[in-house]
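# An overview of the molecular structure
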Amino acid sequence: MRIGIIGAGAMAGALGGGWAAAGHEVGIGARSGDAAQTLADKITASAAGVRPGARTTGQADAADSETVASALVRAGGIGATIEWADVVLMAVPVSALAGLLDEHGSALAGKVVIDCTNAFAPDESAPDGTTAFVLSEDAVAERIAAGAPKAHVVKAFNLLAAEVWAGTDRVFDGVRLAVPLCGDDPAAVRTVAALAEDLALQPFPAGGLHRAKYLEATSVFAVGLWFAGADARAMLPPLSAAFAVED
Ligand SMILES: NC(=O)c1ccc[n+]([C@@H]2O[C@H](COP(=O)([O-])OP(=O)(O)OC[C@H]3O[C@@H](n4cnc5c(N)ncnc54)[C@H](OP(=O)(O)O)[C@@H]3O)[C@@H](O)[C@H]2O)c1
């Protein structure tokens, strides 16, 4: 699958690195060609260790792609990357989305768009010395869908830090790490579920895109607990104990 990633930062590297290692074609599209190429080279070097033969084509020689048997990573501009991709990951700050959608929203038509963004802003009411966040806006995924009305938007991968996605720890206390997915198009959700499985994660289809706002709120809430030193995982019992009613 051709996965185009918009942005060349931490999330682009974490998810793109994993997908390249799993054998997908990955395109990094950024406003800085140098940044895109640097990340593409880094992903290639890392993926090559997993899949010998991986290499970077750069923008100019995309035609070479058929000759490369294993993972192939390319760098390019944002528009070219979107055009090339089957699936597009938006790995940019929320503040960048309006401009990107104005310019590229129509080019996203028919594509699966993964939204991993979080609209975090400092919680000005937090006591001095503590790190806490609130949402600067909610329903970002729905805003992406409004700006790219023919795209199939799926909210995913926003709950955990890039370092977690980039890592190899996948099972904690005997439970495989899960990725909740919210999207309206069943085929797009299935596609993103398969991409989660390619990262050895457990996909949790979690309803339509109107529910993505809850994932966005869950993220800011959990991160606040983690920064406060609380183990957010401890507030949820296992499924078998989730309801105080016997079946
Ligand atoms: N990092 C995490 O642990 C994490 C976890 C979950 C979700 N997220 C979310 O994932 C998204 C990406 O986070 P990140 O940590 O990968 O960010 P990052 O490391 O800061 O990288 C952001 C990327 O977006 C690009 N960008 C910024 N403004 C842009 C614009 N106006 N147009 C085009 N590209 C622009 C940056 O390019 P320049 O270098 O040119 O500025 C950079 O390549 C954010 O929405 C974040 O909330 C992050």
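The preceding data block contains the structure.
### Some remarks on a nonpolar patch on the surface
Together, Phe 221, Met 235 and Leu 236 give the surface a local cluster of nonpolar side chains, amounting to about 360 Å² of exposed area. Structurally, the position occupied by Phe 221 is in helix H8 (residues 212–227).

### Thoughts on the site of the ligand
Around the ligand there are 19 residues in total, and Ala 8, Met 11, Arg 31, Val 92 and Ala 162 lie nearest to it. Contacts to the ligand include Ala 10, whose backbone N or O atom sits 2.9 Å from an oxygen atom. Among the residues forming the shell around the ligand, the class breakdown is 13 nonpolar, 5 polar and 1 charged.

### Remarks on the packing of helix H4 (residues 97–104) against helix H5 (residues 140–147)
Two elements in contact, H4 and H5, have axes whose closest approach is 9 Å; the angle formed by their N-to-C orientations is 20°. The angle between the axes of H4 and H5 places the two elements in the roughly parallel class. Like other packed secondary-structure pairs, H4 and H5 cross with a definite hand, here right-handed. Touching Leu 97, Ala 98 and Leu 101 of H4 are Val 140, Arg 143, Ile 144 and Gly 147, all from H5.

### Considering unusual backbone geometry
Positive phi, close to 60°, is recorded for Ala 139, a residue that is not glycine. Looking at the secondary structure, you find Ala 139 in the loop between strand S8 (133–135) and H5. The exposure class assigned to Ala 139 is buried, which follows from its relative accessible area of 16%. In this model, Phe 157 sits at a positive phi of 65°, which is unusual for a non-glycine residue. Summarising the element assignment, Phe 157 is placed in the loop between strand S9 (152–155) and helix H6 (162–166).

Reading the values: the criteria
Residues numbered from 1 in each chain as written. Predicted model: local features only at pLDDT ≥ 70, side-chain atom pairs only at ≥ 80, totals over all residues. Heavy atoms only, no water. Patch = residues over 30% accessible without salt bridge, like charges linked within 9 Å, V, L, I, M, F, W, Y side chains within 5 Å. Areas by Shrake-Rupley, 256 points an atom, 1.4 Å probe, with all protein chains shown as cover. Salt bridge = Lys/Arg side-chain N within 4 Å of Asp/Glu carboxyl O. Helix = DSSP H or I, 4+ residues; strand = E, 2+ residues; numbered from the N terminus. Near = heavy atom within 4 Å. Polar contact = N/O pair within 3.5 Å; in protein donor to acceptor, adjacent residues only side chain to side chain. Nonpolar A, V, L, I, M, F, W, Y, C, P; charged D, E, K, R; others polar. Axes fitted to C-alpha atoms, helices over the stretch in contact; angles between N-to-C directions. Parallel < 35°, antiparallel > 145°, perpendicular 65-115°, else oblique. Left-handed = near helix turned anticlockwise from the far one by under 90°. Contact = heavy atoms within 4.5 Å. Buried < 20%, exposed > 50% of the residue type's maximum accessible area, 1.4 Å probe, protein only.

Distances and angles like these do not, on their own, reveal function.
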